[in-house]
Amino acid sequence: MLKETIRQLVNSTEKLSMAMGGQLQLAGVSSAEQKALLDELKDKKESGYSYMWE
Amino acid sequence: MIEFNSRVGSKMKEIVLAWFSAEPLARYTLQFIADKQEEKMMFGELTNIHYRMFGGQNADIEAASAAIELFILASDILDDLEDGDAPSKPWMNIPHALSLHIATSLITLSQQALLRAAPNAAMRGELADMMNRQLLQSANGQMLDLMNDIPDEDAYLEMVRQKSASLLVLACMAGVMLAGRPWHPDVADYAAELGIAAQLRNDIRDLLRWDEKSDFLNRKRTLLTLYLLESPEEQSGWLKAYYAGGIDLSEAAGHKALFLQTCEQSGAALYGSVVSRMHYNRFEEKLAGLDADSTWKERLLNLLQGKFKEE
């Protein structure tokens, strides 16, 4: 369901901003997936581990 | 981090000069190490941090970190030779037979250097067994990747666990074992999670680039290209045709803007970053529960978050 949720979010600025505000019910998405999604939406910059392989 | 790179780079050169008596073997290898020093040598730093996290005192940890980086260098060279890309790398600009020979020599050298960093024979035996198990796991994963016929997401993540995560386990566990501890299953678990998270970040970059390393142009099957190929037909029709051979490379290469638009509209990069973040979050949770020196746990997090401070 995570895939479906992401496909919907990227095509709706309204849903995207609601998700970023934690106001969107994400049916079928586990709590770990939801946390990771919110982490990514709020903090898009790459971390040091992004460059383990260059 | 810069100082660490410099110290470990010097140690790598010292090891090369001690064991590679054939002048051209040493000369080319020193050139390759100089190139490697331009990057962050995070694998060696992982070995160093885990050694200190578990109270290591008697091993030559700088030599061990250098040994791990020598293996990573060998792995980089072999990977580039197998993929046939990275034209700017020095090992791609000499006869490939020489690069292949240097890479295989480096694998043996890295094992020799790691074993000699251990303070006693018992530890050397355990280290050799651990290193070979991780390298064999990585070799299995690399073969599956080269075959490029991964059927689905689960198979892809398992391949990454073997090919890439095993090298993170090697780097971390070498530090743990040199500190006098046995194989640590919790460290192995979180190192594997970190390895998967890191490989998926690499996949995002290779999805969005448009050169000889582009996963799309090379028709590579990754978590993200599989996601793209599952997109609604109006988005993915031409991508599927390209992967099936119905469109050739020269035609596909002219559709960069359309490809990037498809990536954006499908959320492919976001999907990859979320799956990567899930694995990174699991790594952080497991690290938090580890009974080890908190100063070095913090330093590990700083390294991974890009805060490279010398301490």
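Just so it is clear, the structure is predicted and the values come from calculations on it, not from any experiment.

1. As for the interface of chain B and chain A
In this complex, chain B contributes 38 residues to the contact, which on the side of chain A involves 24 residues. Together, the buried faces of chain B and chain A total about 2,900 Å²; carbon and sulfur atoms form 60% of this surface. Considering only the surface of chain B that becomes buried against chain A, Arg205(B), Leu270(B) and Arg277(B) emerge as the three largest contributors, covering 20% of it. Among the salt bridges present, the one from Glu40(A) reaches Arg201(B), with a minimum N-O distance of 2.7 Å. At the boundary of chain B with chain A, the tally comes to 11 residue pairs in polar contact (both at pLDDT 80 or more). Secondary-structure elements contributing two or more residues to the side of chain B that touches chain A are α3 (42-53), α7 (153-178), α8 (185-208), α12 (256-266), α13 (268-288) and α14 (294-304) of chain B. When residues in the side of chain B that touches chain A are grouped by element, the largest group, 10 residues, is from α13(B). Its residues assigned to classes, the side of chain B that touches chain A shows 17 nonpolar, 13 polar and eight charged.

2. Structural notes on the packing of aromatic side chains
Residue and element names in this part refer to chain B. Applying the stated criterion across every chain yields a total of 12 aromatic pairs over all chains. Judged by centre distance (5.3 Å) and plane angle (75°), the rings of Tyr 190 and Phe 283 are edge-to-face. Residue Tyr 190 is found in helix α8, and its partner Phe 283 is found in helix α13; the two are separated by 93 residues along the sequence. Geometrically, the ring pair formed by Phe 216 and Phe 259 is stacked, given 4.3 Å between the ring centres and 20° between the ring planes. With Phe 216 in the loop between α8 and α9 (223-229) and Phe 259 in helix α12, this pair connects stretches of sequence that are 43 residues apart.

3. Thoughts on the pattern of salt bridges
Residues and elements named next belong to chain B. Summed over all chains, the structure comprises 23 salt bridges over all chains. Between Asp 206 and Arg 209 there is a salt bridge, with its nearest N and O atoms 3.3 Å apart. A salt bridge links Glu 233 to Lys 240; the shortest N-O distance between them is 3.0 Å. Residue class for Lys 240 comes out partly exposed when judged on its relative accessible area of 31%. One continuous salt-bridge network, built from bridges that share partners, spans Asp 35, Lys 36, Glu 39, Asp 76 and Lys 89.

4. Some remarks on unusual backbone geometry
Peptide bonds are, in most cases, trans, and in most cases residues other than glycine have a negative phi. Despite not being glycine, Ala86(B) has its phi angle at roughly 55°, a positive value. Exposure remark for Ala86(B): the relative accessible area of 8% places this residue in the buried category.

5. Thoughts on the domain arrangement of chain B
Residues and elements named next belong to chain B. When its domains are assigned, chain B resolves into domain 1 (1-181) and domain 2 (184-306). In this structure, domain 1 and domain 2 have C-alpha centres spaced 23 Å apart. Contacts between the two partners involve 31 residues from domain 1, matched on the other side by 34 residues from domain 2. When the two sides are added together, the surface that domain 1 and domain 2 hide from each other amounts to roughly 2,900 Å², 67% of it contributed by carbon and sulfur. Considering only the surface of domain 1 that becomes buried against domain 2, Met 53, Asn 148 and Tyr 156 emerge as the three largest contributors, covering 21% of it. Taken together, the links from domain 1 to domain 2 amount to four salt bridges. Between Arg 299 and Glu 45 there is a salt bridge; the shortest N-O distance is 2.9 Å. Between the two partners, domain 1 and domain 2, sit 10 residue pairs in polar contact (both at pLDDT 80 or more).

6. Looking at the nonpolar core
The nonpolar side chains of a soluble globular protein tend to be buried with one another. By size, the foremost hydrophobic cluster in this structure holds 126 residues, and its most contacted members are Met52(A), Met53(B), Leu178(B) and Phe216(B). The leading source of residues in this core is α7(B), at 16 residues. Beyond its immediate stretch of four places on either side in the chain, Leu178(B) contacts Tyr51(B), Ala59(B), Ile61(B), Ala64(B), Leu114(B), Ala117(B), Ala118(B), Met123(B) and Leu127(B).

7. Observations regarding the packing of helix α4 (residues 61-83) of chain B against helix α6 (residues 121-147) of chain B
Residues and elements named next belong to chain B. Relative to each other, α4 and α6 sit at 15°, their axes nearing to 12 Å. In terms of orientation, α4 lies roughly parallel with respect to α6. Here the hand of the crossing between α4 and α6 comes out right-handed. Contact residues: Phe 71, Asp 79, Glu 82 and Asp 83 in α4; Leu 135, Gln 142 and Leu 146 in α6. Classifying every residue of the contact of α4 with α6 by side-chain character gives three nonpolar, one polar and three charged.

8. What to know about α8(B)
Along its 24 residues, α8(B) runs 35 Å from first to last C-alpha, staying within 8% of the 34 Å computed at 1.5 Å per residue. In terms of burial, α8(B) is largely enclosed, as 19 of its 24 residues are buried.

9. Considerations on the confidence of the model for chain A
Here chain A shows a mean pLDDT of 86. Residues at 70 or above account for 94%. Element-level pLDDT for chain A is lowest in helix α2 (residues 13-20) of chain A, with a mean of 87, against a maximum mean of 94 in helix α1 (residues 2-10) of chain A.

10. What to know about the packing of α3(B) against α14(B)
Axis angle and axis distance: for two packed helices, these are the angle between their axes and the distance between the axes, and together they describe the pair. Residues and elements named next belong to chain B. The interhelical angle for the contact between α3 and α14, taken along N-to-C directions, is 165°, at an axis separation of 9 Å. By the angle between their axes, α3 is roughly antiparallel relative to α14. Crossing of α3 over α14 shows left-handed handedness. From α3, Met 42, Glu 45, Leu 46, Ile 49, His 50, Arg 52 and Met 53 reach across to α14, where they touch Trp 296, Lys 297, Arg 299, Leu 300, Leu 303 and Leu 304. Looking at side-chain class alone, the contact of α3 with α14 contains eight nonpolar, one polar and four charged residues.

So, how was this worked out
- Residues numbered from 1 in each chain as written.
- Chains lettered and ligands numbered in written order.
- Predicted model: local features only at pLDDT ≥ 70, side-chain atom pairs only at ≥ 80, totals over all residues.
- Heavy atoms only, no water.
- Contact = heavy atoms within 4.5 Å.
- Buried area = accessible area lost by both parts, 1.4 Å probe.
- Salt bridge = Lys/Arg side-chain N within 4 Å of Asp/Glu carboxyl O.
- Polar contact = N/O pair within 3.5 Å; in protein donor to acceptor, adjacent residues only side chain to side chain.
- Helix = DSSP H or I, 4+ residues; strand = E, 2+ residues; numbered from the N terminus.
- Nonpolar A, V, L, I, M, F, W, Y, C, P; charged D, E, K, R; others polar.
- Phe/Tyr/Trp six-rings, centres within 6.5 Å; stacked < 30°, edge-to-face > 60°.
- Buried < 20%, exposed > 50% of the residue type's maximum accessible area, 1.4 Å probe, protein only.
- Domains from an automatic or database assignment.
- Core = buried A, V, L, I, M, F, W, Y, C linked by side-chain atoms within 4.5 Å.
- Axes fitted to C-alpha atoms, helices over the stretch in contact; angles between N-to-C directions.
- Parallel < 35°, antiparallel > 145°, perpendicular 65-115°, else oblique.
- Left-handed = near helix turned anticlockwise from the far one by under 90°.
- Expected span 1.5 Å × (residues − 1).
- pLDDT = per-residue confidence, 0-100.

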